[in-house]
Amino acid sequence: MKEQQRKKSIPPEPVAAELTASVVQAWLAEYQALTTRNTYWITLQYACWPILLVYIALAAQFVKILDREVLILGSGFILQLVVLSWYQAAQEQYVNVIYMETQLRPRLERVLKSSELMCYERYLARRRGDGPLWYEVWPAIATGLLLVAVIVNGRPWSIGGWIAAGVNGLLLLGIAKMASLVVALRGQFFDDGPTIENAD
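Every chain is numbered on its own, with residues counted from 1 as its sequence reads. Residues qualify for local features only when their pLDDT is at least 70, as the model is predicted, and side-chain atom pairs are given and counted only at 80 or more; totals for whole chains, interfaces and linings, by contrast, use all residues. Side-chain calculation: all heavy atoms of the structure are included, whereas hydrogens and water are not.

(A) Inspection of the overall build of the protein at higher detail. Within the protein, the secondary structure is distributed over 6 helices and 0 strands. Each residue is placed in one exposure class: buried if its accessible area under a 1.4 Å probe, protein chains only, is under 20% of its type's maximum, exposed if it is over 50%, and partly exposed if it falls in between. Counting over 200 residues, the protein shows a buried share of 32%. The contacts in the protein between residues at least 6 apart in sequence include a share of 83% that link residues at least 24 apart. By element, 66% of the accessible surface of the protein is carried by carbon and sulfur atoms, the whole surface being about 13100 Å². Put simply, DSSP marks the helices as runs of H or I at least four residues long and the strands as runs of E at least two long, and each gets a number from the N terminus on. Only heavy atoms enter the contact rule, under which two residues are in contact if any of them lie within 4.5 Å. Reported accessibility uses the Shrake-Rupley method at a 1.4 Å probe radius. Residues are deemed covered only where the shown protein chains occlude them.

Written out as structure tokens, the structure reads:
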């Protein structure tokens, strides 16, 4: 008797169509979550430039108060932290797009038997081409040129100034690495890389 009641309380197995619809809904929810996350990263990324402008306006107020060396090298440090933040936001966006294009999209295409889904990134890729885009490299180039100009024109530095200049130089190397990583990531958007099934 109890066995019969237990069997009655177990819901029947969903039919394949219902299961497929549930899986597709879950994948679409994941896609929406990732695009929302990218929207937040884009907002944070473009907030970097107003933050930098506000800092420059504030730093100008301290020209006569702070030591010139501290102000210049400290400003270089803050500038580079802002640029690193900009590149970090770009990297996070690109990683999300790579996942959507190489993992999520192929699963949806296989289940729905259609390749006409989520085509916007592929449309953009055709328009943009393969090489680096100007906005992916200009922050690194501008930061490097500015740092070199400041170090060359700001001498003679104290020992602490040279140490701070060295730290700024290391940050610049980090920016160059992040810039090259961002450009390389965009090149992977549509690679036929590993998918969930064959990734090990």
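(B) Up close: the layout of surface pockets. The calculated volume of the largest pocket comes to roughly 510 Å³. Put plainly, a pocket is an open set of points on a 1 Å grid over the protein atoms alone with protein on both sides within 12 Å along at least five of seven lines, a cavity is a set where a 1.4 Å probe fits but cannot get out, and a lining residue has an atom within 4 Å of a point. Contributing to the lining of the largest pocket are 24 residues, with N38, I42, Q93, V97 and E121 lying nearest its centre. Breaking the lining of the largest pocket down by element, the ones donating at least two residues are α2 (16-60), α3 (68-112), α4 (120-128) and α5 (134-153). The nonpolar class holds Ala, Val, Leu, Ile, Met, Phe, Trp, Tyr, Cys and Pro. Asp, Glu, Lys and Arg form the charged class, and all remaining residues, Gly among them, are polar. Of the residues in the lining of the largest pocket, the class split is 15 nonpolar, 5 polar and 4 charged. Each pocket or cavity is described by its volume, and for the second largest pocket that value is around 260 Å³. Taken together, 16 residues line the second largest pocket, and the ones lying closest to its centre are I72, S75, G76, L79 and L146. Within the residue set of the lining of the second largest pocket, elements represented by two or more residues are α2, α3 and α5. Grid points are joined across faces, edges and corners, and a volume is the space filled by probe spheres set on the points.

(C) Examining the packing of aromatic side chains more closely. Pairing of aromatic rings covers Phe, Tyr and Trp, the last through its six-membered ring, and needs centres within 6.5 Å; plane angles under 30 degrees mean stacked, over 60 mean edge-to-face, and all others mean tilted. Going through the model one piece at a time under the given rule, you end up with 5 aromatic pairs. Aromatic pair W49 and W138: ring centres 5.3 Å apart, planes at 35°, arrangement tilted. Linking W49 in helix α2 with W138 in helix α5, this pair joins segments that are 89 residues apart in sequence. Residues W86 and Y87 carry aromatic rings whose centres are separated by 5.0 Å and whose planes lie at 85° to one another, so their mutual orientation is edge-to-face. Relative accessible area serves as the criterion here: at 3%, W86 is assigned to the buried category. Assessed through its relative accessible area of 0%, Y87 is described here as buried. A connected cluster of aromatic rings, assembled from ring pairs, spans W49, W86, Y87 and W138.

(D) A look at the packing of α3 against helix α6 (residues 159-187). Following both chains from N to C, one finds α3 and α6 inclined at 15°, their axes separated by 9 Å at the closest point. The angle between the axes of α3 and α6 places the two elements in the roughly parallel class. Considering how the two elements wind past one another, α3 and α6 form a crossing that is left-handed. Tallied by class, the residues present in the contact of α3 with α6 amount to 21 nonpolar, 8 polar and 2 charged. In this analysis, axes come from line fits to C-alpha atoms, helices being fitted only over the stretch in contact, and the angle between any two N-to-C directions falls in the range 0 to 180 degrees. Any angle from 65 to 115 degrees is called roughly perpendicular, while one under 35 is roughly parallel, one over 145 is roughly antiparallel, and all others are oblique. In this scheme the handedness of a crossing depends on how the near helix is turned from the far one: anticlockwise by less than a right angle means left-handed, clockwise means right-handed.

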